[in-house]
Amino acid sequence: MSTTTTSTATSYAQIPHVIGGRKVAADGRTGPVYNPATGEQTGEVALASAAVVAETARIAAEAQVAWRETGLVKRQAIMFKLREVIANRADELAAIITAEHGKTHADALGEVARGLENVEFCTSLMHHLKGEYAEQVASGVDVHQVRQPIGVVACITPFNFPAMVPLWMVTTAIAAGNAAILKPSERDPSAAVWLAERFAEAGVPDGILNIVHGDREAVDAILDDPTIRAVSFVGSTPVAQHIYTRAAANGKRVQALGGAKNHMVVMPDADVDAAADAAVSAAYGSAGERCMAISVAAVVGEVADEFVAKVAERLGGLTVGDGADPATDMGPLITPDALDRVTGFVAGAEGEGATLVVDGREVTVDGGGFFIGPSLVDHATPGMRVYDEEIFGPVLSVVRVADYDEAVALINASRYANGVAVFTRDGGTARQFEFDIEVGMVGVNVPIPVPVGAFSFGGWKDSLFGDTHMYGPEAFQFYTRRKVVTTRWPDPSESQISLGFPTHH
Ligand code: NAD
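Residues numbered from 1 in each chain as written. Predicted model: local features only at pLDDT ≥ 70, side-chain atom pairs only at ≥ 80, totals over all residues. Heavy atoms only, no water.

Enquirer: Would you mind showing me how to read the overall build of the protein chain here?
Expert: A tally of helices and strands in the protein chain yields 16 helices and 24 strands. Taken over C-alpha atoms, the radius of gyration comes to 25 Å for the protein chain, in line with the 23 Å a tight globule of 505 residues would show. The principal-axis extents of the C-alpha atoms in the protein chain amount to approximately 85 × 65 × 40 Å. Residues counted as buried form 56% of the 505 residues belonging to the protein chain. The contacts in the protein chain between residues at least 6 apart in sequence include a share of 73% that link residues at least 24 apart. Only carbon and sulfur atoms are counted for the fraction: they give 53% of the accessible area of the protein chain, which is about 20800 Å². For the protein chain, the centre of its 38 positive side-chain charges and the centre of its 62 negative side-chain charges are spaced 9 Å apart. (Helix = DSSP H or I, 4+ residues; strand = E, 2+ residues; numbered from the N terminus. Rg over C-alpha atoms; globule rule 2.2 N^0.38 Å. Buried < 20%, exposed > 50% of the residue type's maximum accessible area, 1.4 Å probe, protein only. Contact = heavy atoms within 4.5 Å. Areas by Shrake-Rupley, 256 points an atom, 1.4 Å probe, with all protein chains shown as cover. Lys, Arg positive; Asp, Glu negative; His and termini not counted. Charge placed at Lys NZ, Arg CZ, Asp CG, Glu CD.)

Enquirer: Looking at this structure, I do not really get the pairing of strand β20 (residues 419-423). What am I missing?
Expert: In the case of a regular strand, side chains alternate between the two sheet surfaces. Taken across its five residues, β20 has five buried, putting it largely inside the fold. With burial as the criterion, each face of β20 is covered, one bearing G419, A421 and F423 and the other bearing V420 and V422. As defined by bridge partners, strand β14 (residues 262-266) adjoins β20 across four bridges and the pair is classed as parallel. Residue pairing in the sheet places V265 in a bridge with V422 of β20. In this sheet, strand β21 (residues 441-444) lies alongside β20 in parallel orientation, the contact comprising four bridges. Its bridge partner being in β21, V420 is matched across the sheet by V442. Between β20 and its parallel partner β21, the chain crosses via helix α15 (residues 427-436), and the hand of that crossover is right-handed. (Pairing = 2+ DSSP bridges. Right-handed = clockwise from strand over helix to strand, strands pointing away.)

Enquirer: Can you help me understand the sheet that holds strand β7 (residues 132-138) in this one?
Expert: Backbone hydrogen bonds are what pair the strands of a sheet, in a parallel or an antiparallel way. On the basis of which strands lie adjacent, the open sheet formed by three strands has the order β7-β8-β24 and antiparallel pairing. Of all the strands in the sheet, the pair left with one neighbour each is β7 and β24 (480-488). Sheet twist, expressed as the mean angle between neighbouring strand axes with direction ignored, is 25°. Alignment of strand β8 (residues 141-149) against β24, held across nine bridges, turns out to be antiparallel. Looking at the pairing, P149 lines up with T480 of β24. (Axes fitted to C-alpha atoms, helices over the stretch in contact; angles between N-to-C directions.)

Enquirer: Teacher, can you tell me more about helix α12 (residues 336-349) here?
Expert: One turn of an α-helix holds 3.6 residues; hence residues three or four places apart share an orientation. Between its terminal C-alpha atoms α12 stretches 20 Å, which fits the 20 Å expected from 14 residues at 1.5 Å a residue. Restricting attention to buried positions, one finds in α12 the residues A338, L339, V342, F345, V346 and A349. In a view along the axis of α12, the buried residues occupy a sector of 125°, so they form one face of it. The exposed set on the far side of α12, more than 90 degrees from its buried face, consists of D337 and D340. The secondary structure elements touched by the buried residues of α12 are β16 (355-358), β17 (375-378), α13 (385-388) and β18 (395-401). (Expected span 1.5 Å × (residues − 1). Arc of directions from axis to C-beta.)

Enquirer: Would you explain the pairing of β7 in this entry?
Expert: Bridge count between β7 and β8: four bridges; the pairing is antiparallel. Within β8, the residue paired with A134 across the bridge is V143. Remark: two residues form the turn of the hairpin made by β7 and β8, two consecutive strands paired antiparallel; G140 in that turn has positive phi of roughly 75°.

Enquirer: Looking at this model, I keep getting lost on the site of the ligand. Mind explaining?
Expert: Around the ligand, the surrounding shell holds 28 residues, and the nearest of these are K183, E186, S236, G258 and E390. E390 places a polar side-chain atom, nitrogen or oxygen, 2.5 Å from an oxygen atom of the ligand. Contributions of two or more residues to the shell around the ligand are made by α8 (216-224), β12 (228-234) and α9 (237-249). Viewed by domain, the shell around the ligand spans two of them, domain 1 (13-258 + 463-484) and domain 2 (262-444), each represented by three or more residues. (Near = heavy atom within 4 Å. Polar contact = N/O pair within 3.5 Å; in protein donor to acceptor, adjacent residues only side chain to side chain. Domains from an automatic or database assignment.)

Enquirer: So what exactly am I meant to see when it comes to the pattern of salt bridges here?
Expert: Between side chains of opposite charge, pairing is possible as soon as their charged atoms come close. If you walk through the whole model with that rule in mind, you get 28 salt bridges. Measuring nitrogen to oxygen at the nearest pair gives 3.0 Å for the salt bridge that ties E217 to R29. Taken together, the residues E217 in helix α8 and R29 in strand β5 (residues 29-35) connect sequence positions 188 residues apart. Taking the relative accessible area as the measure of exposure, E217 reaches 36% and is therefore partly exposed. A residue is classified by how much of its surface remains accessible, and R29, at 22% relative accessible area, is partly exposed. (Salt bridge = Lys/Arg side-chain N within 4 Å of Asp/Glu carboxyl O.)

Enquirer: Please clarify how helix α3 (residues 90-101) should be interpreted in this entry.
Expert: Here α3 contains twelve residues, and its C-alpha end-to-end distance of 16 Å stays within 8% of the 16 Å for a straight helix at 1.5 Å per residue. Each element contacted by the buried residues of α3 is listed here: β2 (13-15), β5, α2 (72-87), α4 (105-122) and α7 (190-202). Just past α3, the residue G102 takes up positive phi, approximately 105°.

Enquirer: What is the right way to look at the packing of aromatic side chains in this model?
Expert: Aromatic ring pairs are described here by two measures, namely the spacing of the ring centres and the angle between the planes. Tallied over the full model, the rule gives eight aromatic pairs. Between W168 and F457, the aromatic rings sit 4.7 Å apart at their centres with planes inclined by 45°, giving tilted as the arrangement. Separated by 289 residues along the polypeptide, W168 in helix α6 (residues 164-175) and F457 in the loop between β21 and β22 (460-461) bring together distant segments of the chain. On the basis of relative accessibility, which here comes to 3%, the residue W168 falls in the buried class. Assessed through its relative accessible area of 2%, F457 is described here as buried. Summarising the aromatic geometry, the rings of F478 and Y479 are spaced 5.1 Å apart at their centres and angled 80° between planes, so their arrangement reads as edge-to-face. (Phe/Tyr/Trp six-rings, centres within 6.5 Å; stacked < 30°, edge-to-face > 60°.)

Encoded structure:
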């Protein structure tokens with residue numbers, strides 16, 4: 001709570017909640033929002049109390065009654081419009097993301113595009129909400145199943161994708177006929193407010209997408225609110241565990257995606273230049289603040305020296321700076337705390353017995369931004385903090401392994417299992433890897449295997465608590481309840497009393 005302040009009139013942009021179609025100012029506590037490239041506070045975000053959450057849930061529940069009755073054709077038309085109003089102003093949204101998150105404008109545009117993929121998927125919502133029908137299951141008896149919305153659902157999102165992850169969640173929840181309460185990260189909350197304006201412009205009625213900003217107080221109020229029937233979460237593993245446990249204990253449906261430590265296996269037959277290009281792109285893009293970032297390269301056999309040299313050589317060519325500058329390859333970290341944490345991993349690597357090949361602390365950027373350059377750590381091993389923990393910064397660790405089996409055993413022993421990649425020219429090795437590896441999303445010569453929108457996204461183990469993945473087909477499953485109806489139209493003359501258990505014979 002050290003960053004929390006009491007609301008006062010300042011020159012900062014005031015970032016309000018959006019509840020029932022109205023912008024609602026802070027009712028008490030607020031939090032600071034920074035431009036990470038300059039270190040300056042630029043905004044002040046409202047932090048909701050439990051009372052604000054309860055009132056929002058009430059308004060959402062009221063609005064959901066009519067939204068549920070809105071025809072599917074009309075809802076589809078709204079999804080098409082939503083796609084257009086966001087796509088037409090993607091540059092504006094990307095600039096908002098860069099100003100509060102720090103990622104480059106090009107990367108922010110990529111985030112918007114991946115979020116829009118799910119809006120595009122939801123334009124065919126009727127297909128995904130279609131039920132099933134079995135005629136004549138017994139003489140004169142038919143059975144059909146319909147999918148109905150859950151009611152009010154909450155979506156709690158992380159700082160690292162302030163537009164994409166909200167678009168994954170709220171779009172599907174709303175397409176399926178629910179009302180959504182989005183609790184975005186308090187570090188970069190403005191993108192959510194912007195999105196709420198676009199949903200309204202596209203025709204989503206007031207009260208169907210509500211934005212409630214806040215920290216743990218608001219989140220715990222969401223988890224305990226009896227009106228909210230389901231919770232989708234993306235964030236770090238300890239918080240994901242908390243969300244999963246408390247929401248489930250309160251009888252809610254919950255999916256909670258957690259942290260990651262994604263490995264990339266480089267086989268001796270891989271094209272080493274292509275593997276080095278992929279490793280640099282996937283480890284240092286967005287300053288490593290991606291849940292699908294590569295943070296470990298498990299390099300097999302003698303190719304390790306060449307791989308490390310080629311990655312190090314490429315790092316010298318990266319430009320670190322303000323994400324708003326088109327010349328920048330890599331922006332700052334999100335907060336001073338994140339900078340301290342990442343710096344600590346780099347500073348401690350050699351003391352743990354690893355080799356610091358490239359030291360990001362040597363990169364300096366003028367101004368007060370939260371910058372560290374890309375770092376490369378060689379000879380990392382399990383048991384070192386730099387290997388075991390999620391760093392969430394621009395640090396790639398290399399683990400040298402003797403063979404394929406050792407690489408697979410290393411990865412399968414990790415508590416995290418979000419994404420993984422194998423680089424090889426051998427189809428048999430790739431196929432065996434796909435079969436053996438205990439990770440939710442696998443790339444074959446693809447370093448960031450985020451599934452396209454027609455599939456769903458999710459890891460295994462401590463990277464996902466719950467059983468349904470996000471966006472795509474599984475999201476329609478998560479945000480709907482199945483109801484099965486058994487029908488018979490007997491002739492009244494056939495009516496009789498039977499106390500036996502009904503069978504279909
Ligand atoms: P975080 O867990 O700190 O915060 C996520 C959300 O939870 C935010 O809305 C925040 O306000 C809230 N929150 C934070 N602390 C809380 C607490 N103690 N109790 C209740 N709510 C709390 O995560 P972050 O730093 O915003 O995001 C980075 C993390 O998210 C990384 O661990 C990253 O791997 C993970 N992530 C995972 C995926 C995935 O798909 N698995 C995707 C993106 C990010």
